[in-house]
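Descriptive analysis of the structure
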Amino acid sequence: MAQVETSPVETKLGQRPAKRGMYLLPSLFTAGSIALGYYILIESLRGAMLTNPAASAAAFDHAALAIAVAIVCDGLDGRIARMTNTSSAFGKELDSLADVITFGVAPSLLAYLWGVRQVLPSGHPQIEARLFHFGVVICFLFLICGACRLARFNITVDPKPRNPGRPDRKYFVGMPIPAGAGVIAAVIHFESGSPIHNLWMSLVWLALVAFVGFLMVSSWRFWSGKEIDMGARKPGRLLVFVVVLIGIIVEWHTTALLVIALGYLVSGVMARLAYSWKRRFAKAA
């Protein structure tokens, strides 16, 4: 999540300006996210080059899990910057560049090498050649959609979705790029990194990648979670929920991560459909 530009002197009344060393803290998490993006690229290429099926699947699975860890780092850097009052223009730009690499370039390459390039010969060489070319285009569109989503987020002061929700909640306009990368990672991890070898399943995979790209540049609303107050005086319920959620993810990580990723995707789609149906019924009435 992009860090909001502020200055050390723009602190709230009564607050002491943060020390200069504190400005390094959120940037360290951002640097960690970039390092994870580099690791994802290496593991994706390694998975595509290995001839041992088990080793190849393990490399792809490691790349998918690295995306999940990077999503946590991406959420922490912005929240830490706000909590310590150390947001800066440098942090904002670095965070956007990190997101393009870790949640754009790396997942798009992973999606292509895992879901397209490993397809086995099926007796239809012309269709396979078209699939490889079509896969490059679709995965690149995922990347460019994510980059456009970030650019729109950075230049929009108070974005409003076309299908507004509850007035007391804040929403993302379009699926955030970390969530889009999370969908790709969750599916790959659910399959334990075992790549797609079937021609028709590869087409289904590309349809999913294209749909996620569309959701990122759409104006549909997605829950942001910004109303969650981590500094509340009585965070008992939130603490219990977080502990239970972490326990579920640790115990059933393959299924839990897939349910969370696809559930978030479906929530945005259902919110849009519900708003459209509501408008139609209002017009009919």
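Residues numbered from 1 in each chain as written. Predicted model: local features only at pLDDT ≥ 70, side-chain atom pairs only at ≥ 80, totals over all residues. Heavy atoms only, no water.

1. Describing the side chain of Asp61
Relative to the elements of secondary structure, Asp61 occurs in helix 2 (residues 53–83). Buried within the structure, Asp61 lacks any salt-bridge partner; its nearest side chain of opposite charge belongs to Arg46, at an N-O separation of 11 Å. In this view, Asp61 contacts Ile188, His189, Ser192 and Gly193; residues no more than four positions away in its chain are not counted. (Helix = DSSP H or I, 4+ residues; strand = E, 2+ residues; numbered from the N terminus. Buried < 20%, exposed > 50% of the residue type's maximum accessible area, 1.4 Å probe, protein only. Lys, Arg positive; Asp, Glu negative; His and termini not counted. Salt bridge = Lys/Arg side-chain N within 4 Å of Asp/Glu carboxyl O. Contact = heavy atoms within 4.5 Å.)

2. Focus on the packing of aromatic side chains
Summed over all chains, the structure comprises five aromatic pairs. When the centroid spacing of 4.9 Å and the interplanar angle of 70° are considered together, the rings of Trp114 and Trp205 count as edge-to-face. On the criterion of sequence distance, the pair formed by Trp114 in helix 3 (residues 89–115) and Trp205 in helix 6 (residues 199–217) is long-range, its members being 91 residues apart. Here the two residues Trp114 and Trp205 agree in accessibility, since each one is buried. For the pair Phe214 and Trp220, a centre-to-centre distance of 5.4 Å together with 85° between the ring planes defines the contact as edge-to-face. Overall, Trp220 belongs to the buried group, its relative accessible area being 16%. An aromatic cluster is built from Phe211, Phe214 and Trp220, whose rings are joined through pairwise contacts. (Phe/Tyr/Trp six-rings, centres within 6.5 Å; stacked < 30°, edge-to-face > 60°.)

3. Examining the state of the cysteines
Considering all chains together, one arrives at zero disulfides under this definition. Take Cys145: it sits in no disulfide, and the sulfur closest to it among the cysteines is that of Cys148, at 6.5 Å. The class of Cys145 is buried, set by a relative accessible area of 15%. (Disulfide = S-S within 2.5 Å.)

4. Some points on unusual backbone geometry
Here the phi dihedral of Ser192 falls at roughly 55°; this positive angle occurs in a residue that is not glycine. The exposure class assigned to Ser192 is partly exposed, which follows from its relative accessible area of 44%.

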